[in-house]
Every structure is written in structure tokens, then in C-alpha cells.
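Examining the three-dimensional arrangement
Single-letter residue listing:
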Amino acid sequence: MTKGSLESKVSERLREAWGTEMFTFLKQIVPKGIDIAEVQELMRSGKFQDAKPFLRRVLQVAYDSQNSKVSSSNPFEDDPAVVAERLVGKPIAYVEGIRRNSMALVTDTAAFVEPRGNCPELFTAEPGTIGWYYKPQHGGYGALLIAAHKVGTTGVVSIEGVTVGDERLSMTNTASLLHAREEAGKSIYQRTSRIVVQPADGCVSGYDIRTQKNHGGAYFALRKN
């Protein structure tokens, strides 16, 4: 087998694994009674482009249904490092009507405890509140932040990178894809944000989560085991 064909096989298996994970995510957020069998095989085989029109409809229904519901427990009310690790390998979506929907898989996150950057107030905001970090140096770069901490403590989680199909997006492009600047101040937990993501234990089959600490934060990354 040539190097190119081997890489193609690996990429295909990766798309299929992530497609299965995303379909599981859809089952969790779509209201009962909504048939998603039409998209099941497309997602599980990694055919994201073919699934996109149906996904747009399903995500809009899910958003409309869940926008008025708030769960009794806040999944972001925990140690920020725990939340950051639970977000790795999980689908994240931005839902706004038929024409502005985005769905990706979280591959890299970071957790910080000490207030920093241009939004120190986010470190004490209600867990699940969205923030947008921006730094103009080196051409400018940004990040999607989410308040995550236990009562009486401080902390945020940064979404450092995602994958859309075969493309891995940088921290800045991730923030742009999910409209972090426009969503700042809204809440995933309170359902006032159009961003949908759910921290949960577990990882994509065939992958594990690598951890390292530096620059005052804890970093988590999805990597093949």
C-alpha cells in the first residue's frame, strides 16, 4: 500500500469515527419524534457534504426546541480543566436559520483559572457564558471562551481548535466559524446563545486525549492512540 493510499484510509476512518460521534450528538439534541434516520448512514460514513442540507433542517429544529429549555444542572459548573477535557472530541454547532449553520468537532481546548486577557470578568461569570478573546499583535488572533468554574472560584475554557470534515481550523478561525464575537455575553447553559455544545466523558474511538500544562493553563488535544 502506498503512502498516499494509507493516508487516505486513515482519513476515511477518521471521518467515519467523527461522523458516528456527531450522529450521537444529534440524537442527544434533537427532540423526540424527529426522524433522523435519513442522515444516519451519511454521518456514519463520513459523507458530511451530502448530509449538510438535512443537518441544517435538523439543527434548526433542535435549536428552536431547546432554546426555551434550561437543564437543572449546569455542565460548565465544574473545574475548568475537567470541562475542557470533557469538550475534546465533542461536536459543537452554531445554529441560525437555514443559511447560517456550522458544525465541527472539538479537537483542542485549554483551561485557565487566573483572570487574563481582554475579558477578565468572564472568569467569574455564570458558567456557560460565552466570551471572545482578541489580541491585535502578530496580525491579530482570537478565541472562543466559555466561563467554566465551581461556585466561588474562577475559570474559563478556550476552544483552541476544531475540525470540519478534513480541515483542521486554528483557534482564530474556530472563533470566526462559531461567531464568538457576536455571541459574547450569551449563555450556552441558559440557551440564549446559538452555540450548542455539551461536555461529556468519553472519547472518539481510536483516539485519546493528550494533556500538558504551560503558560499558566492546562491544554487538551485529541490525538490518535
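Residues numbered from 1 in each chain as written. Predicted model: local features only at pLDDT ≥ 70, side-chain atom pairs only at ≥ 80, totals over all residues. Heavy atoms only, no water.

We now examine the overall build of the chain. Each helix and strand in the chain was counted, giving 6 helices and 9 strands. Within the chain, the fraction of its 225 residues that count as buried is 44%. Taking all contacts inside the chain whose residues are at least 6 apart in sequence as the whole, residues at least 24 apart take part in 64%. Total accessible area on the chain stands at roughly 11,400 Å², and carbon and sulfur atoms take up 49% of it. (Helix = DSSP H or I, 4+ residues; strand = E, 2+ residues; numbered from the N terminus. Buried < 20%, exposed > 50% of the residue type's maximum accessible area, 1.4 Å probe, protein only. Contact = heavy atoms within 4.5 Å. Areas by Shrake-Rupley, 256 points an atom, 1.4 Å probe, with all protein chains shown as cover.)

Turning our attention to the nonpolar core. Ile92, Leu144, Ile146, Ile159 and Ile195 are the most contacted members of the largest nonpolar core, which totals 30 residues. Take this core: its biggest share by element is 4 residues, from strand E2 (residues 100-112). Among all residues touching isoleucine 195, those that are not within four sequence positions of it are Ile92, Ala93, Tyr94, Ile130, Leu144, Leu178, Glu183 and Ile188. In terms of nonpolar packing, the next biggest core, distinct from the first, is built from 11 residues, Ala110, Cys119, Ala125 and Ala147 among them. (Core = buried A, V, L, I, M, F, W, Y, C linked by side-chain atoms within 4.5 Å.)

Although it is not a glycine, arginine 191 sits at a positive phi angle of roughly 65 degrees. Relative to the assigned elements, arginine 191 resides in the loop between helix H6 (180-183) and strand E7 (195-197). Of note, histidine 215 is a non-glycine position whose phi angle comes to about 55 degrees, a positive value. One can find histidine 215 in the loop between strand E8 (207-214) and strand E9 (217-224). Classification of histidine 215 as exposed rests on a relative accessible area of 66%.

Okay, the side chain of serine 102 next. With respect to the helices, strands and loops of the structure, serine 102 is situated in strand E2. On the basis of relative accessibility, which here comes to 14%, the residue serine 102 falls in the buried class. Beyond its immediate sequence surroundings of up to four residues, serine 102 is in contact with Ile92, Ala93, Tyr94 and Leu177.

Attention now moves to the packing of aromatic side chains. Summed over the entire model, instances satisfying the criterion amount to 3 aromatic pairs. With a centroid separation of 5.9 Å and 90 degrees between ring planes, the pair formed by phenylalanine 112 and tyrosine 219 is classed as edge-to-face. Within this pair, whereas phenylalanine 112 is found in strand E2, its partner tyrosine 219 is found in strand E9, the two being separated by 107 residues in sequence. As far as the burial class goes, phenylalanine 112 and tyrosine 219 line up, both buried. On the numbers, 5.2 Å between centres and 20 degrees between planes, the contact of tryptophan 132 with tyrosine 134 is stacked. The partly exposed category is assigned to tryptophan 132, whose relative accessible area is 23%. The ring of tyrosine 207 has lysine 224 sitting right over it, with the charged end atom 5.5 Å from the ring centre. (Phe/Tyr/Trp six-rings, centres within 6.5 Å; stacked < 30°, edge-to-face > 60°. Lys NZ or Arg CZ within 6 Å of the ring centre and 35° of its normal.)

By the secondary structure assignment, glycine 155 is in the loop between strand E4 (141-147) and strand E5 (156-164). Of the residues examined, glycine 155 reaches a relative accessible area of 0% and is grouped as buried. In this structure the C-alpha to C-alpha distance between glycine 155 and proline 127, which are 28 residues apart in sequence, comes to 8.8 Å. Residues contacting glycine 155, with those up to four places away along its chain left out, are Pro80, Phe112, Val113, Leu122, Phe123, Ala147, Ala148 and His149.

Here we come to the confidence of the model for the chain. Parts of the model with low pLDDT should not have their predicted coordinates read in detail. Taken as a whole, the chain shows an average pLDDT of 81; of its residues, 73% reach a score of 70 or greater. Of all helices and strands in the chain, the one with the weakest mean pLDDT is helix H1 (residues 3-29) (59), whereas helix H4 (residues 80-87) scores best (96). Considering only residues more than four positions removed or in separate chains, one finds that residues 1-10, a stretch of pLDDT under 50, has 2 contacts. (pLDDT = per-residue confidence, 0-100.)

Every buried residue of H4 is listed here: Pro80, Val83, Ala84 and Leu87. One face of H4 carries all of its buried residues, which in axial projection span an arc of 100 degrees. Capping of H4 at its N-terminal end is provided by aspartate 79; its side-chain oxygen lies 2.8 Å from the backbone amide nitrogen of alanine 81. Where H4 ends, the next residue or the one after it, glycine 89, has phi of about 85 degrees, a positive value. (Arc of directions from axis to C-beta. Polar contact = N/O pair within 3.5 Å; in protein donor to acceptor, adjacent residues only side chain to side chain.)

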